[in-house]
Every structure is written in C-alpha cells, then in structure tokens.
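Commentary on secondary and tertiary structure
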Amino acid sequence: MTRNQFYEELAVTGGQFNFRTAMHEGMIGISPNSLVIWVDNIGFGELKTDNEPMYFGEFQSIGELLDSFKVDGKLFSENVLPEIDKLYRLLT
C-alpha cells in the first residue's frame, strides 16, 4: 500500500481498521481528534493473554503517524505499509 492509498482509506471521521502482512498484524482506530495504531507480530490476536502489543502510538494526523511511528526500529511507512495489501474496516 502506498502513502496515498493509506490516506484515501483512512479519510473517514471514525472507525476501526485491521491489517495483516506476512510478518505483522495491527489495528488502526480513528476518531475526529486522533488516530491510534497498534502493530505486533503475527499471532498476537490469537493469544489468550493480557499482554499489550509491541508497538502502539496515538497521533493527531495520518501524516504524523507516517512520519514518526516506528515498528522494529524502522518507520512504519517504510517497513510495514508497503507490505499491506488491504485495510479491512471493522466499524463504521
């Protein structure tokens, strides 16, 4: 997924999206005032524990997320985003 596609998919006033790549899975929550994202290794969603995801962030804009959120020490926009085929909207 490109940055432009990511912007287009998240151009909503609210909702939740999940995604999965070969190595990571995650969720993005959007409200009118902020974005919340978590990313973890594949399998996190199947664990029956109270552990927190490895990577979590809250941002004021999509641009801020893309420019500063890191996963595995690399920018999400360079490391994970290109591997995302589709964002799946969970709530409207």
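The structure under discussion appears in the preceding block.
Since this is a predicted model, take the numbers as computed values, not measurements. (Residues numbered from 1 in each chain as written. Predicted model: local features only at pLDDT ≥ 70, side-chain atom pairs only at ≥ 80, totals over all residues. Heavy atoms only, no water.)

Some words on the pairing of strand β1 (residues 15-20)
- Burial along β1 is one-sided: the residues Gly15, Phe17 and Phe19 are buried and none of Gln16, Asn18 and Arg20 is.
- Bridge analysis of β1 against strand β2 (residues 24-30) gives six bridges, and the strand direction is antiparallel. Each bridged residue has a counterpart across the sheet, and for Asn18 the counterpart in β2 is Met27.
- Remark: three residues form the turn of the hairpin made by β1 and β2, two consecutive strands paired antiparallel. (Buried < 20%, exposed > 50% of the residue type's maximum accessible area, 1.4 Å probe, protein only. Helix = DSSP H or I, 4+ residues; strand = E, 2+ residues; numbered from the N terminus. Pairing = 2+ DSSP bridges.)

As for the packing of aromatic side chains
- Under the definition given, this model contains four aromatic pairs.
- Ring centres of Phe59 and Phe69 lie 5.8 Å apart, and the angle between their planes is 75°; on these two criteria the pair is classed as edge-to-face. One end of the pair, Phe59, is in strand β4 (residues 55-59); the other, Phe69, is in the loop between α2 (62-68) and β5 (70-71), with ten residues separating them in the sequence. A single burial state applies to Phe59 and to Phe69, both of which are buried.
- Aromatic rings pair up to connect Phe6, Phe19, Phe59, Phe69 and Phe76 into one cluster. (Phe/Tyr/Trp six-rings, centres within 6.5 Å; stacked < 30°, edge-to-face > 60°.)

Considerations on the environment of Tyr88
- Take Tyr88: it is sitting in strand β7 (residues 88-91).
- Sequence-distant contacts of Tyr88, that is, excluding residues within four places in its chain, are made with Gln16, Phe17 and Asn18. (Contact = heavy atoms within 4.5 Å.)

Quick look at the environment of Phe56
- With respect to the helices, strands and loops of the structure, Phe56 is situated in strand β4.
- Separated by 13 residues in sequence, Phe56 and Phe69 have C-alpha atoms that sit 8.5 Å apart.

Here's the deal with the nonpolar core
- Among the nonpolar cores identified, the biggest contains 22 residues, and Phe6, Leu10, Ile28, Leu65, Phe69, Phe76 and Leu87 are the most heavily contacted of them.
- Contact partners of Leu87, with chain neighbours within four places excluded, come to Met1, Phe6, Glu9, Leu10, Phe17, Asn18, Phe19 and Ile28. (Core = buried A, V, L, I, M, F, W, Y, C linked by side-chain atoms within 4.5 Å.)

Describing unusual backbone geometry
- Of note in the backbone geometry, Asp72 takes a positive phi value of approximately 55° without being a glycine.
- Structurally, the position occupied by Asp72 is in the loop between β5 and β6 (74-75).

A few points about the pairing of β4
- Of the two faces of β4, the one lined by Tyr55, Gly57 and Phe59 is fully buried and the one lined by Phe56 and Glu58 carries no buried residue.
- Pairing between strand β3 (residues 35-41) and β4: five bridges, direction antiparallel. Paired with Val36 across the strands is Glu58, a residue of β4.

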